[in-house]
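One-letter residues, chain by chain:
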Amino acid sequence: MSDSSDNDRTIYALKKKHKKKEVVFYTTFEEVLQKINPFGPYQIFTVIVILYASIEWAGNSTFMDVLGSLEPNWNCTLKNGSYYTVVAPTDDNSCAFLKRNCSSYTAEKDSVEFVSLVADFKLVCDDADKVKWIQVIQAGGSVTSLTMMMEYTNNKYRVIMASAFQWPFAYMTIALIAFLTKGWQNFFVFLNLVSSPLTIGFMLFLESPRWLIATNKLDKACDVLNDFAHRRWNNTKAHFTTSDISSIHKHEKKRFYTFYHLFR
């Protein structure tokens, strides 16, 4: 009778025994990336978003190089009431003729396939420099997005992430939009309508966990890493705590960087 009760206690004790959770300390960020999958659904999502965003970036930054600066012929109204056509592109001699002989001049919009800012606002001769200023204002920077994408993955997949910033697809799309719209006003309306889904896409971008760890914001870094590993994205079932990643950069000496270090 006593032997039977002793066996029951032994079986019960075995059932109650739990395996201790293995404690993991990451010493490099590359180890963390391997745990969350360095090129999973989330990284693929960012590549698609950036490829799509390149349509708007290319459309804005290169607009004044080609479409926006497309110059038409000019219909000059001479002082005697007759008309004369000044053929584009204008040079110093053409500008001198327009100033000296024309009481007014208008763009012959039928002479070009796309009505540009130059045609609508007469950005020639003395106003030709305004084209460059418009180009400077429109030039947007995509460097921040490139840096973030590089920090989402490791060295093995960074070439793929960088390929999202190649613009052949964007240029083909811009050419199609220009062909359909025929003018700069409709071009920008259509371009912004096409790009409107990017508002949602960029809202789903996460902060760089590499940067958060480097700046010792470990709580936020864990939130981002756990979001990476969640089933809605990479689904790796990994879970991070601040103690797991506290050893990363712990023994590195902090340095103060200046503009000088860019050229070293």
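Everything numeric in this text was worked out from a predicted model, so none of it was measured.

When its secondary structure is counted, the protein shows 14 helices and three strands. In the protein, which comprises 264 residues, the share counted as buried stands at 37%. In the protein, the share of contacts with a sequence separation of at least 24, taken over all contacts with a separation of at least 6, comes to 69%.

Where helix α2 (residues 29-36) is concerned, the buried positions are Phe 29, Val 32, Leu 33 and Ile 36. Take α2 and look down its axis: the buried residues cluster within an arc of 100°, on one side only.

Moving on, we come to the packing of helix α3 (residues 41-61) against helix α10 (residues 184-195). Relative to each other, α3 and α10 sit at 160°, their axes nearing to 9 Å. When the axes of α3 and α10 are compared, the pair comes out roughly antiparallel. Between α3 and α10 lies a crossing of left-handed hand. Residue-level inspection shows Tyr 52, Ile 55, Glu 56, Gly 59 and Asn 60 of α3 in contact with α10, the latter providing Phe 187, Phe 188, Leu 191, Asn 192, Val 194 and Ser 195. The residue inventory of the contact of α3 with α10, partitioned by class, reads six nonpolar, four polar and one charged.

What follows covers the side chain of Asp 244. Relative to the elements of secondary structure, Asp 244 occurs in helix α14 (residues 242-245). Engagement of the side chain of Asp 244 in a polar contact is seen with the backbone nitrogen of Thr 241, the distance being 3.0 Å.

The final tally for this structure, using the stated rule, is two disulfides. There is a disulfide in this structure between Cys 76 and Cys 102, and the S-S distance comes to 1.7 Å. Judged by the torsion about the S-S bond (-115°), the Cys 76/Cys 102 disulfide is left-handed. Here Cys 102 lies in strand β3 (residues 102-108) and Cys 76 lies in strand β1 (residues 73-78), a separation of 26 residues in the sequence. Per residue, the accessibility class of Cys 76 equals that of Cys 102, and both read buried. The disulfide partner of Cys 95 is Cys 125, and the gap between their sulfur atoms is 2.1 Å. Around the S-S axis, the bridge from Cys 95 to Cys 125 shows a dihedral of about -95° and counts as left-handed. In this pair, Cys 95 sits in helix α4 (residues 92-101) while Cys 125 sits in the loop between α5 (117-121) and α6 (130-138), placing the two residues 30 residues apart along the sequence. Disulfide partners in the protein, listed by the sequence order of the bonded cysteines, are 1-3, 2-4.

Under the UniProt annotation, "transmembrane region" (unreviewed entry) lies at residues 159-181 and 187-206. The distance from the first to the last C-alpha atom of residues 159-181 is 35 Å, and the span holds 83% helix and 0% strand. The span residues 187-206 carries 75% helix and 0% strand; its end-to-end C-alpha distance comes to 31 Å.

Let us look at the packing of aromatic side chains. Taken as a whole, this structure holds 19 aromatic pairs when the rule is applied. Consider the rings of Phe 63 and Phe 114, whose centres lie 6.4 Å apart with planes at 70°: the pair is edge-to-face. Taken as a pair, Phe 63 in the loop between α3 and β1 and Phe 114 in the loop between β3 and α5 lie far apart in primary sequence, 51 residues in all. Measuring from centroid to centroid gives 6.5 Å for Tyr 152 and Phe 205, while their planes differ by 65°, and the two rings are edge-to-face. Here Tyr 152, found in the loop between α7 (143-151) and α8 (158-163), pairs with Phe 205, found in the loop between α11 (198-203) and α12 (209-214); they are 53 residues apart in sequence, far enough to count as distant. One aromatic cluster is present, built from ring pairs that chain together Tyr 42, Phe 45, Trp 57, Tyr 152, Phe 202, Phe 205, Phe 228 and Trp 233. Across the ring face of Tyr 105, the terminal group of Lys 122 is positioned such that the distance to the ring centre comes to 5.0 Å. Over the face of the ring belonging to Phe 179 we find Lys 182, whose NZ or CZ atom lies 4.3 Å from the ring centre.

This part covers the environment of Ala 170. Among the secondary structure elements, Ala 170 is positioned in helix α9 (residues 168-181). Ala 170 sits in the buried class, given a relative accessible area of 0%. Between the C-alpha atoms of Ala 170 and Trp 57, which are 113 residues apart in sequence, the distance is 8.5 Å. Contacts of Ala 170, omitting those with residues within four sequence positions, involve Ser 54, Ile 55 and Ala 58.

Conventions adopted
Residues numbered from 1 in each chain as written. Predicted model: local features only at pLDDT ≥ 70, side-chain atom pairs only at ≥ 80, totals over all residues. Heavy atoms only, no water. Helix = DSSP H or I, 4+ residues; strand = E, 2+ residues; numbered from the N terminus. Buried < 20%, exposed > 50% of the residue type's maximum accessible area, 1.4 Å probe, protein only. Contact = heavy atoms within 4.5 Å. Arc of directions from axis to C-beta. Axes fitted to C-alpha atoms, helices over the stretch in contact; angles between N-to-C directions. Parallel < 35°, antiparallel > 145°, perpendicular 65-115°, else oblique. Left-handed = near helix turned anticlockwise from the far one by under 90°. Nonpolar A, V, L, I, M, F, W, Y, C, P; charged D, E, K, R; others polar. Polar contact = N/O pair within 3.5 Å; in protein donor to acceptor, adjacent residues only side chain to side chain. Disulfide = S-S within 2.5 Å. UniProt positions renumbered as here; feature names shortened; annotations may be inferred. Phe/Tyr/Trp six-rings, centres within 6.5 Å; stacked < 30°, edge-to-face > 60°. Lys NZ or Arg CZ within 6 Å of the ring centre and 35° of its normal.

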